[in-house]
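Coordinate inspection notes
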Amino acid sequence: MKNDTATAASAAPRYQPASNYVDDAFYGWLNEVSLDLDAVTTQRTGRPDAALAAEIERLLTVESRLLDQHAYAEWLDLYTPECAYWIPATRPAGDPRAQITLEFHDRRRLLDRVARLGTGLAYSQLPASRTARQLSGLEIWASPGRSDEWRVRCNFLMAESRAGKRRVLGGWYGFVVRRVGDALRLAFKQVNLLDPDEPQGNNSFFL
Amino acid sequence: MNDPLPLAAGSPSWDWLIQDDRVHRTIYTDPSIFAREMNNIFAATWVYLLHESELPEPGDFRRAWMGTRELIVTRDEARALHVFANRCSHRGATVCREPGGKASSFTCPYHGWKYDNRGQLFGIPGKTAYGAEFKARDMHLARPAQVALYKGFVFATLNPDAPPLETHLGAAARFLDEWIEHQGGADNIVVGGAQRFHLECNWKMVFDNAGDGYHVPFSHQSLLQMTNARYGGGDMSYFADADRSRMKLYALGNGHTVIDQRPDMYGNSAWEQQRPQPGREVFEAHVRATVAEADAKRVLESAVGAGMNLNIFPNLLLIGNQIQVIQPLNAGGTTMHWHATRRRDADDALNTMRMRTQEDFPIMGEMDDAGNFEECHRGLVNFPEDEWIDISRHHETGQDVADEEGRIVGPVTSELHLRAYYAQWKRLMAAEPTLRASKSRIAR
Ligand code: FES
Ligand SMILES: [Fe+2]
């Protein structure tokens, strides 16, 4: 049985979609973006024009709403195939190669999580968390040396209600937005909680 | 033999609360029992504080806990470790308000008393206002009666009569050694950050589950179903018919237990069974390209958990490659610290893979466990007339048997784990231990 699986694996990869992009260079890029998102600066160069800024803001609004609606398949469609979702366990974020994170997913593990929630047997989300996100303080600037990619930072406040208990989660989001054909897609989302180093409650949905 | 303090006179005995095959709900819900646990268990026996690698440099410090008692653990300039209470000798303020960092001394923010990083008082503002009687008193920060290390794992107890740490670990030491060996040896382990979770339940809900091989196909059904649907099975699927698996549960004495998953997890290849983590392909290609073929399996499997759930009573759980610590807060509140580990001898690729592997279960499985612990606690609170918690699985089947080494070995779904640790719990709770902290000058 086991050997059959292994043989099949060499023909068509057993683990789909393949995750060949999560290499050292990718981590290096994430760290560079992470530092840039959290830089203390008054001057961001490469601000988008009003039309593009509005388009990016719409994308983030839809991203938030789809999560609030638990529409995870549609939500993932907003992301590029080679994306990352990262919740650092410290503030500021450390290097995910050396430090544990609260969550770090490639597309495949995002699909795992979506599929798990979709079984209807993920008890930590039965009942599901209802959320409402507020985004504010949006800043957008071009990725250095690129005309098709932008970095975004904004604060978030998330009201959550589950099984009769209410919580408020807060912090800031960092995003990388990329032009893919006619559409804008998200290549990266970083969730910086106010208190990732303090004990967390049931965050088994997507932040 | 009498009713235990601080339970009211005429209240039930420990033998009634803890029976061979069931335990009473109040041991989870009663604040007076919790208060006694903080003395008789979380002070009177060895409690795990932290791993030595969390204090790599002279001057490093970190906060740690013995139950609800808050401590500071430091490494001094001579590299010696010190453990003392986070409680000023003057009027009680905490002298340290940071979770960790570097400090050569601690100055109490309230009136400025100064302590060195061994907890020794060396400065009092306006000292002329104090007299001979005061100066004759021991005013250094309070130190637990005993502190000891086992291969980098730091433990403490307030009980001067507690047996040596190695005696306390007993038969668990061999499994701890094997866990350490999976990490490449004691000096090879480096703690690389922590995930922390708050649970609205008694701490024993967590300990109960740590040796529970029964719940997996039910509590983690979503994970098993997903893994099966997406990858044709894998990690933990051998729990589906656990009593017919090769896994075993051992009661190791003094409340320690272990679920040994290795016969199944490592039976073929633990790497092959592993759910695909981010970067799996890149890492595997890297190992195949850089490591001799004979060593490749060992290196790949080093990215995977050690294949045991080793439970050192009362607060240290080794699960996968993680060092999990239970911190009780009150009868209905607990913090869990999941410390991740990397290897000193590993390259970045292996350590990165270890991080992604150690993140998998917390979000994919532990969240469902945590939900069940909280709902267990809610169930116990919300209907007091239903008094008992059943812990009798395999109690009457004769399948828990003593082996030559004096351990008890049972099927992996046996509630032997609970019966074994509750026997220790009862012994400790019925005792009247001495608890001592010293404020005297450290002999140099
Ligand atoms: S309480 Fe610490 S100096 Fe007064
Ligand atoms: Fe579990």
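If you're wondering where the values come from, they're calculated on a predicted model, not measured in any experiment.

**Section: the pairing of strand 14 (residues 248-253) of chain B**
Residue and element names in this part refer to chain B. Pairing of strand 14 with strand 15 (residues 256-260) involves five bridges; the strand directions are antiparallel. Within strand 15, the position partnered with Y250 by the bridge is V258. Connecting strand 14 to the next strand, strand 15, in antiparallel fashion are two residues, including N254 with a positive phi near 55 degrees. Summarising the sheet, strand 14 and strand 22 (residues 408-410) pair through three bridges and their orientation is antiparallel.

**Regarding the interface of chain A and chain B**
Taken together, the contact between chain A and chain B spans 44 residues of the former and 44 residues of the latter. Across the chain A to chain B interface the summed buried area is about 3900 Å²; carbon plus sulfur atoms make up 53%. Our enumeration of links across chain A and chain B arrives at five salt bridges. A salt bridge links A:R109 to B:E359; its shortest N-O distance comes to 3.1 Å. Here chain A is connected to chain B by 31 residue pairs in polar contact (both at pLDDT 80 or more). If you list the elements that add at least two residues to the side of chain A that touches chain B, you get strand 2 (101-105) and helix 5 (107-118) of chain A. If one sorts the elements of the side of chain A that touches chain B by residue count, helix 5 of chain A sits on top with seven residues. A class-by-class count of the residues in the side of chain A that touches chain B yields 17 nonpolar, 13 polar and 14 charged.

**Points about the nonpolar core**
In terms of nonpolar packing, the biggest core is built from 84 residues, with B:I27, B:Y28, B:L49, B:Y422 and B:W425 touching the most fellow members. The greatest single-element share of this core, amounting to nine residues, is contributed by helix 14 (residues 348-382) of chain B. Residue contributions to this core reach at least three from each of two domains, namely domain 1 (47-149) and domain 2 (170-430) of chain B. Contacts of B:Y422, omitting those with residues within four sequence positions, involve B:I18, B:V23, B:I27, B:Y28, B:K204 and B:D208. Residues A:I56, A:L110, A:I140 and A:F205 belong to the second largest nonpolar core, which totals 39 residues.

**Comments concerning unusual backbone geometry**
Residue A:Q16 is joined to A:P17 through a cis peptide bond whose omega torsion reads -10 degrees. Secondary-structure assignment places A:P17 in the loop between helix 1 (2-11) and helix 2 (24-37). Look at the link from A:R91 to A:P92: it is a cis peptide, with omega at -5 degrees. With a phi close to 60 degrees, A:H70 is a non-glycine residue in the positive phi region. Inspection of the secondary structure puts A:H70 in the loop between helix 3 (50-68) and helix 4 (72-77). Residue A:H70 is classed as partly exposed on the basis of its relative accessible area, which comes to 31%. Despite not being glycine, B:H394 shows a phi value in the positive range, around 65 degrees. By the secondary structure assignment, B:H394 is in the loop between strand 20 (388-390) and strand 21 (401-402).

The rules behind the values
- Residues numbered from 1 in each chain as written.
- Chains lettered and ligands numbered in written order.
- Predicted model: local features only at pLDDT ≥ 70, side-chain atom pairs only at ≥ 80, totals over all residues.
- Heavy atoms only, no water.
- Pairing = 2+ DSSP bridges.
- Helix = DSSP H or I, 4+ residues; strand = E, 2+ residues; numbered from the N terminus.
- Contact = heavy atoms within 4.5 Å.
- Buried area = accessible area lost by both parts, 1.4 Å probe.
- Salt bridge = Lys/Arg side-chain N within 4 Å of Asp/Glu carboxyl O.
- Polar contact = N/O pair within 3.5 Å; in protein donor to acceptor, adjacent residues only side chain to side chain.
- Nonpolar A, V, L, I, M, F, W, Y, C, P; charged D, E, K, R; others polar.
- Core = buried A, V, L, I, M, F, W, Y, C linked by side-chain atoms within 4.5 Å.
- Buried < 20%, exposed > 50% of the residue type's maximum accessible area, 1.4 Å probe, protein only.
- Domains from an automatic or database assignment.

By themselves these figures say nothing about function.
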